[in-house]
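# Coordinates in review
The primary structure of each chain is shown beneath.
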Amino acid sequence: MICETIKPHLVAYRDGELSEQDRSRVTAHLNACPACTREEKQLGRVEEMLINLERITPSPDFAATFWHRLEQEGQSSQEQPESRLARWWRGLREDLTSWQWTPALAGAASLLVFLSYMLTGRPTTTPTSPVQPAVQVVAAVPPPVAKEPGLFVNYNVLAELDKLNHFDEIAAVQLPGAHDTELANEENLPPELLKDPSFFVHYPILKKMEELKDLETVLDLPAKGDEHIRG
Amino acid sequence: MEQKERFTPHDDPDVQLMLRFQQGEMEAFQQLFHKYSPSVVNFAFRFLGTQARAEEIAQEVFLQVYRWQKRYEPKAKFSTWLFKIAHNHCLNEVRKGEYRVSLESFDPPEDREGDERERNLPDTTSAKGEDILAAKEAAARIQRILHRIPESQRTALLLSRMEGMSYQEVAEVLGSTEKAVKSLVFRATQSLKEGLRDMLDSYDL
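On a predicted model such as this, the values are computed, not experimentally measured, just so you know. (Residues numbered from 1 in each chain as written. Chains lettered and ligands numbered in written order. Predicted model: local features only at pLDDT ≥ 70, side-chain atom pairs only at ≥ 80, totals over all residues.)

This next bit is on the overall build of chain B. Looking only at helices and strands, chain B features ten helices and zero strands. Counting helices and strands in the order they occur from the N terminus, chain B gives α-α-α-α-α-α-α-α-α-α. Within chain B, the fraction of its 205 residues that count as buried is 37%. Intrachain contacts of chain B at a sequence separation of at least 6 include 63% that bridge at least 24 residues. (Helix = DSSP H or I, 4+ residues; strand = E, 2+ residues; numbered from the N terminus. Buried ≥ 20, exposed ≤ 12 C-beta atoms within 10 Å, placed from the backbone. Contact = placed C-beta atoms within 7 Å.)

Written as structure tokens, this is what we have:
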């Protein structure tokens, strides 16, 4: 019976983790009990096998990868550099609000329509369609632009895009590149867009956004509250 | 035991390194990384079972140490604090459910050239072929058993055996008591003993 009370202490006994009193008690028992002595030696052997397991050596690029990750983290926390897609979007917004050059408006309007088309998966109003005043024109917009109601048909879509705060993830999405430039194979592409070469400057990016699986989830994120249009 | 009770965190040279890092000495952090990263990788590997994930986890652990630079307060030995982070990361990894280790991945690796598991085996180049095979079998079996026992037992065993931590230090890592750790280590060792019984019986004790 005493063996059963001793055995649970044998590992701690070997580890030197027993009080002096308990240690003396176990030692006295081991001196008189061959079965527990054998048990204690087996535990010692198990410990030996465990300790003798070779320690894993980190792969050669482990440290370099870590310092690289640390460097990246340091940069992102200090500078928050603008991603490629964020830069594109900012540029687009600035283009749209840099109203002194109207020749770009036609291309921009086409871009907005196509963006809406891609995001909703169904054709919406085109710039030449009758405009429904779903969105009020922002007061800061210069009068010449306000005269182009077609531009604002899809303002909601662009406003929602402002909520996209995963630009890096979007930019990092790997897409099959086969169709990036094969516009001729696109089905249901609005004919108006095909007439507008300026649109296609951003086509690869739009394709990437279109194929982003969780775009709807991203769009549901709360807005950051910044302005939708820069004055 | 009395010496342990008198120990204060500030006596730990690695705590001093962490405090120097807190003052902006990047070299101190580099020293800690070089000293402890292999141990954290090894712990994570034994806990999770794959080296690639173990290395990722180890990197995340040190990234967290880096992020905690300003908030760090020495309340224990640095190694205790570090392995507490490592243990939590490993637990999260397991509980995320993304991670599945098939038991067959711990089978002897003879048929898989360059497999990382070959690193786990004792260097038995001077031993006979039978001994080498026995060592390989033992290593694979130990890893399987480690993965089967409860996580707290696994951590207690790994830290006490492979990192040489006292029960008190293991208890700090687990947020437990020395008494509980004693029980965890005992039960884990019993599981190993049962799993290796035939091998142990063949030894001349």
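Now that the structure is up, let's keep going.
Let us look at the overall build of chain A. Broken down by element type, chain A carries 13 helices and zero strands. Starting at the N terminus, the α and β elements of chain A follow one another as α-α-α-α-α-α-α-α-α-α-α-α-α. Counting across all 231 residues of chain A, residues that qualify as buried make up 19%. Long-range pairs, those at least 24 residues apart, make up 70% of the contacts in chain A between residues at least 6 apart in sequence.

This next bit is on the packing of helix H5 (residues 78–95) of chain B against helix H8 (residues 167–174) of chain B. Residue and element names in this part refer to chain B. Here H5 crosses H8 at 45°, and the two axes come no closer than 8 Å. By the angle between their axes, H5 is oblique relative to H8. For the element pair H5 and H8, the recorded crossing hand is right-handed. Contact residues: Thr80, Phe83, Lys84 and His87 in H5; Glu169, Glu172 and Val173 in H8. (Axes fitted to C-alpha atoms, helices over the stretch in contact; angles between N-to-C directions. Parallel < 35°, antiparallel > 145°, perpendicular 65-115°, else oblique. Left-handed = near helix turned anticlockwise from the far one by under 90°.)

Our next topic: the nonpolar core. Counting 61 residues, the largest nonpolar core has Val40(B), Ala44(B), Leu82(B) and Ile142(B) as its most contacted members. In this structure Leu82(B) touches Tyr36(B), Val40(B), Val61(B) and Val65(B), once residues within four positions along its chain are discounted. (Core = buried A, V, L, I, M, F, W, Y, C linked by C-beta atoms within 7 Å.)

It is worth spelling out the packing of helix H3 (residues 26–48) of chain B against helix H4 (residues 51–67) of chain B at this point. Residue and element names in this part refer to chain B. Two numbers describe how H3 lies on H4: the axes approach to 8 Å, and their chain directions differ by 140°. Taken together, the axis directions place H3 and H4 in an arrangement best described as oblique. Regarding H3 and H4, the two cross each other, and that crossing is right-handed. Residues Phe29, Phe33, Ser37, Val40, Val41, Ala44, Phe45 and Leu48 of H3 pack against Gln51, Arg53, Ala54, Glu55, Ile57, Ala58, Val61, Phe62 and Tyr66 of H4.

Let's shift gears to the confidence of the model for chain B. Residue and element names in this part refer to chain B. Taken over all residues, the pLDDT of chain B has a mean of 83, while the share at 70 or more is 80%. Here residues 101–122 scores under 50 on pLDDT; set against residues more than four positions off or in separate chains, the count is 33 contacts. Interface confidence in the predicted complex, given as ipTM, is 0.78; pTM for the same model is 0.59. (pLDDT = per-residue confidence, 0-100.)

This brings us to the environment of Ile6(A). Residue position: Ile6(A) is located in helix H1 (residues 2–6). In contact with Ile6(A), not counting residues within four places along its chain, are Val26(A), His29(A) and Cys36(A).

Residue and element names in this part refer to chain A. Averaged over all residues, the pLDDT of chain A is 64; the fraction at 70 or higher stands at 32%. Note that residues 176–185 has pLDDT below 50 and, in this model, three contacts with residues that lie over four places away or in other chains. pLDDT under 50 marks residues 216–231. Its contacts with residues more than four places away, or in other chains, come to 19 contacts.

Opposite the 29 residues of chain A that make contact, chain B presents 33 residues. Contributing elements (two or more residues each) for the side of chain A that touches chain B: helix H2 (10–14), helix H4 (34–51) and helix H5 (62–79) of chain A. Counting residues per element, the side of chain A that touches chain B draws most heavily on H4(A), which supplies ten residues. For the side of chain A that touches chain B, the class distribution of residues is 14 nonpolar, five polar and ten charged. (Nonpolar A, V, L, I, M, F, W, Y, C, P; charged D, E, K, R; others polar.)

Another aspect to go through is helix H9 (residues 178–195) of chain B. Taking 1.5 Å per residue as the helical rise, H9(B) with its 18 residues ought to reach 26 Å, and the 26 Å between its terminal C-alpha atoms agrees with that figure. Regarding H9(B), the residues found buried are Val181(B), Lys182(B), Leu184(B), Val185(B), Phe186(B), Ala188(B), Thr189(B) and Leu192(B). Contacts made by the buried residues of H9(B) are with H2 and H4 of chain A together with helix H6 (129–148), helix H7 (151–161) and H8 of chain B. (Expected span 1.5 Å × (residues − 1).)

As for its placement among the helices and strands, Lys41(A) is situated in helix H4. For Lys41(A), a count of 16 C-beta atoms within 10 Å puts it in the partly exposed group.

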